[in-house]
Amino acid sequence: MKLIERGKAMSSLKNKNIIDKMSLEDKVKLCSGADFWNTEEMDEYGIGKISMSDGPHGLRKQDGVGDHLGINDSVPATCFPTACCSSSTWNVDLLEKMGRAIAEEALEYKVDVVLGPGVNIKRNPLCGRNFEYFSEDPYVAGKLGAAWIKGVEGQGVGTSLKHFAGNNQENERLSSDSIIDERTLREIYLAPFEIAVKEGKPKTVMCAYNKINGTYLSDNNYILRDILRDEWGFDGVVVTDWGAMNDKIEAFKAGLELEMPSSAKMFDKMVIDAVNDGSLSEDYVNEAVDRILSLIKQCTLGRRENFKFNREEHHDLAKKIAIEGSVLLKNENNILPFNKDKKIALIGALGNDVRYQGAGSSHINPSKLISIVDGFNKSRVNFKYCPGYEMNGDENIEYVNEAIELAKSSDISVVVIGLPSEYESEGYDRQHMRIPDSHVKLLEEVYKVNNNVVVILLGGSPVEVPWIDSTKAILNMYLSGQAVGDACIELLLGNECPSGKLAETYPIKYEDNQCSHIYGIDPRQAEYREGIYVGYRYYEKANKNVRFPFGFGLSYTTFEYSNLKVSNSKINEGEKLTVKCSVKNTGKVFGAEVVQLYVSDKTNLVYRPIKELKGFKKIFLNPGEEKEVDFELDERSFAYYDVKSKDWKVLQGKYEILLGASSLDIKLKADVEVISSSESLNDDNLPEWYFKLQGYPTRKDFEKLYGKEIKPYKLPAKGEYDLNCSLNDLRYTNAGSMMLEQMRSNMLKGFGGDENNQEFIFLQAITSTTPMQRLAQQSGDSELYETFKGIVQMANKE
Ligand code: BGC
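What you see as residue numbers is a count from 1 along each chain, following the sequence as written. A pLDDT threshold of at least 70 governs which residues receive local features in this predicted model, and a stricter bar of 80 or more applies before side-chain atom pairs are shown or counted, although totals over entire chains, interfaces and linings include all residues. Working from all heavy atoms in the structure, the side-chain values ignore hydrogens and water.

## Section: the pattern of salt bridges
Next, step 1: Each reported salt bridge corresponds to a side-chain nitrogen of Lys or Arg within 4 Å of a carboxyl oxygen of Asp or Glu. In the structure shown here, the tally under the stated rule is 61 salt bridges.
Next, step 2: Its salt-bridge partner being Arg-291, residue Glu-257 comes within 2.9 Å of it at the nearest N-O pair. Of this pair, Glu-257 sits in the loop between helix H10 (248-254) and helix H11 (268-276) while Arg-291 sits in helix H12 (residues 282-302); the two residues are 34 residues apart in sequence, bridging distant segments of the chain. One exposure class covers both Glu-257 and Arg-291, and it is buried.
Next, step 3: The salt bridge partner of Glu-656 is Lys-602, with a shortest N-O separation of 3.5 Å. With a gap of 54 residues between them, Glu-656 in strand S28 (residues 653-662) and Lys-602 in the loop between strand S23 (591-601) and strand S24 (612-621) connect regions that are remote in the sequence.
Next, step 4: Exposure categories follow from relative accessible area, calculated using a 1.4 Å probe and restricted to protein chains: below 20% of the type maximum is buried, above 50% is exposed, and the middle band is partly exposed. Relative accessible area serves as the criterion here: at 15%, Glu-656 is assigned to the buried category.
Next, step 5: In the salt-bridge network here, residues are joined through shared partners; they are Arg-129, Glu-132, Glu-170, Arg-173 and Glu-426. Helix and strand assignments come from DSSP, with helices taken as H or I runs of at least 4 residues and strands as E runs of at least 2, each series counted from the N terminus.

Right under this line is the structure:
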């Protein structure tokens, strides 16, 4: 740890004149929020407050009661497509435009920092929050995140890059420990943050709730100070996720400045005592205050009086992103696009009560909403609608029969199916990868009577598609925001050509996923045993067939790749390489292609995936038009993270440059030789799994990679309970179970006794599994903190 010398630190502070005047108490006070969304205002020092709001795909500005779960009201704002959809555009310009538009809404609503984007890696398809994240690939996630940040920050509004880091599951997200080996951490889980920090330059970074390798992120000196600040040069503010503070003294040392929300200033006394007794240098507090003051200054400068954003323009932008982010997964006999005059049966309740966003802190109150049914109406399509199933996913035989009759008398059935909102949310993970049986049954029945079927798939994460033969087409619209209906009909009618590509793999079945055997089994201790083999990096090397590969998406037109040119066939380590190719639209309509560049390491000197994405470009082409696409590769494009030397290294030898339309559809290849002095990592002692990927890695295998013994997680027992335990941990004690029941029944009352209410399920899952200290912080209720202390004491004594 780099201790800052007091004198040196004070003289290098940018806001020394203000800090000099502040009492220790006030300095500490400034380092946690004034309330749920605002920082402290201190007139006596001329310090104004700044205001923050979620989130990644639109503004959730709460004028009334604040919450971090998306439950209470927020002002109307444009609900843009969620990250699972916006990432499928692979269009950095569009992501930047989306950022700019969200910033404009923030300017009107006087929000200084927007809490997004989320660039966590989609490690497993069941993560309840995958819809808020971009990709299974660090390069895509980093580049899109950086573009979004540039868009927001370019308007003078701040961003908060989240959730830093290793937050790849929702179950037990507030207490889980992500056990990740160093190479994997660098290459997969930190890499998107690194790109987004270096290229996007966010004003703030939000630390995640979880631990990495035993240390909560709020106190994680290695991640927050050594890597984020010293290595990547981040000089903004690190803010806690809402209630993610673990140990505020350690957090100051780790370089975390701002605790949100206020936590009723629960930890202030502890910090002041620590400074007074010398266990915490006041330099740390000064350093934090200095950065917060700089942030406030920058944000204040960015404000614009009486700014108004254009609601219609933003809706249109949401529509454009939804169009480009929808992925055509199947189109047998070119059933799509269809003609407006065809008789259409539009079937599926999700198309009417449309799913277009996810639940939790990113939940937007949309400025308007065009359902799929609305979209059909607006375009005057000749159609009739029927629900086909209950909204919660339950089967309804009458609805099915009605759908069958409608399908019989129609030319084409458009069946809207997918994940009902209860299935996925912030706060908990999905239990399986299937859509409801009622949706599948409906589809099969409709297909039997009329096999001109088109599926519109809605949901935030990959699903199993065993029903693929019961439809001619699948248009995956993910959760595509408030203009979903506008976008859908344009694509179906061919007014727009699909150009979305998956930023994640769709495995055939859940069990094919690299961590399905271990994910969620012990959610408190998430062992990332598969190491760097995430998504396509795993499926390909393990020889698993997939349903739809990473980077895949169909179009109404066709493209031809040719003329691959690399600037050099031999380069020295560190030298740049230019790669070019030509792409021609060989079909009949205007369309866009996402050209993907992968690098394949042929040196065989270290364990590595078969290929890794190192570049992508989206190009738009008229029929017959041809364009040249160019990429620049640098040292990092070839490098792996060498744990021994704690650095990125490029090994000497042969590499292949692959250009393609998906990870499995490689169109052009070229060999390149790299001359380098780097010696290879000694992989000899590594278990065979990391080279062959047969079966699953065991804990013993992983320990060799991790370099340390890993003890199985043990639930705390009597005498070991503390405030980092959740009420669920104390459920077998009288004190714990009573408190659990009391909180449950109080909450249930608020939902009129409806146990199936989604918000109730969500809240119940969150409150029972949240470490008590964090629950108290989030509620801002210092009495609750005291009650929990009492419960812990009683439970330990029972
Ligand atoms: C979420 C964050 C969000 C914050 C504030 C937390 O629960 O994890 O993503 O920004 O709440 O709403």
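## Some thoughts on the site of the ligand
Next, step 1: Close to the ligand lie 15 residues; Asp-54, Arg-129, Lys-162, His-163 and Asp-241 are nearest.
Next, step 2: A distance of 3.1 Å separates an oxygen atom of the ligand from a polar side-chain atom of Arg-60.
Next, step 3: In these tables, accessible area is a Shrake-Rupley quantity obtained with a 1.4 Å probe, and a residue counts as shielded only by the protein chains included in the view. The protein chains hide 100% of the 310 Å² of surface that the ligand would expose on its own. Residues are labelled near a given molecule or strand when at least one of their non-hydrogen atoms is within 4 Å of it. Definition of a polar contact: a pair of N or O atoms within 3.5 Å, with one able to donate and the other able to accept a hydrogen when the atoms are protein atoms, and with sequence-neighbouring residues admitted only if both atoms are side-chain atoms.

## A few points about the sheet that holds strand S9 (residues 237-240)
Next, step 1: Overall, parallel pairing links the 5 strands, which are arranged S1-S3-S4-S6-S9 in an open sheet. Two strands lie at the open edges of the sheet, namely strand S1 (52-54) and S9, each paired on one side alone. Each strand axis lies, on average, 30° off the axis of its neighbour in the sheet, ignoring direction.
Next, step 2: Bridge count for S1 against strand S3 (residues 113-115) is 3 bridges, and the pairing is parallel. Within S3, the residue paired with Ser-53 across the bridge is Val-114.
Next, step 3: Where helix H8 (residues 191-200) meets the sheet, it contacts strand S4 (158-164) and strand S6 (204-207), and its direction lies at approximately 165° from that of S4. At least two DSSP bridges between two strands are required for those strands to pair. Axes here refer to lines fitted to C-alpha atoms; in helices the fit is confined to the stretch in contact. Angles between the N-to-C directions go from 0 to 180 degrees. In what follows, residue pairs with any heavy atoms lying within 4.5 Å of each other are defined as contacts.

## Looking at the packing of aromatic side chains
Next, step 1: Stacked, tilted and edge-to-face are the three classes assigned to paired rings of Phe, Tyr and Trp, where Trp is represented by its six-membered ring and a pair needs centres within 6.5 Å; plane angles under 30 degrees give stacked, over 60 edge-to-face, the rest tilted. Counted by the stated rule, this structure contains 27 aromatic pairs.
Next, step 2: Pairing Tyr-139 with Phe-616 gives two aromatic rings, centres 5.9 Å apart and planes at 90°, and the pair type is edge-to-face. Placement of the pair is Tyr-139 in helix H6 (residues 138-153) and Phe-616 in strand S24, with a sequence separation of 477 residues.
Next, step 3: An angle of 20° between the planes, with centres 6.4 Å apart, marks the rings of Phe-590 and Phe-620 as stacked. Of this pair, Phe-590 sits in the loop between strand S22 (577-585) and S23 while Phe-620 sits in strand S24; the two residues are 30 residues apart in sequence, bridging distant segments of the chain.
Next, step 4: You can call Phe-590 partly exposed: its relative accessible area is 44%.
Next, step 5: Here the aromatic cluster, defined as three or more aromatic residues joined through ring pairs, consists of Tyr-533, Tyr-538, Tyr-539, Tyr-607, Trp-689, Tyr-690 and Phe-691.

Function cannot be inferred from these measures alone, as they are strictly geometric.
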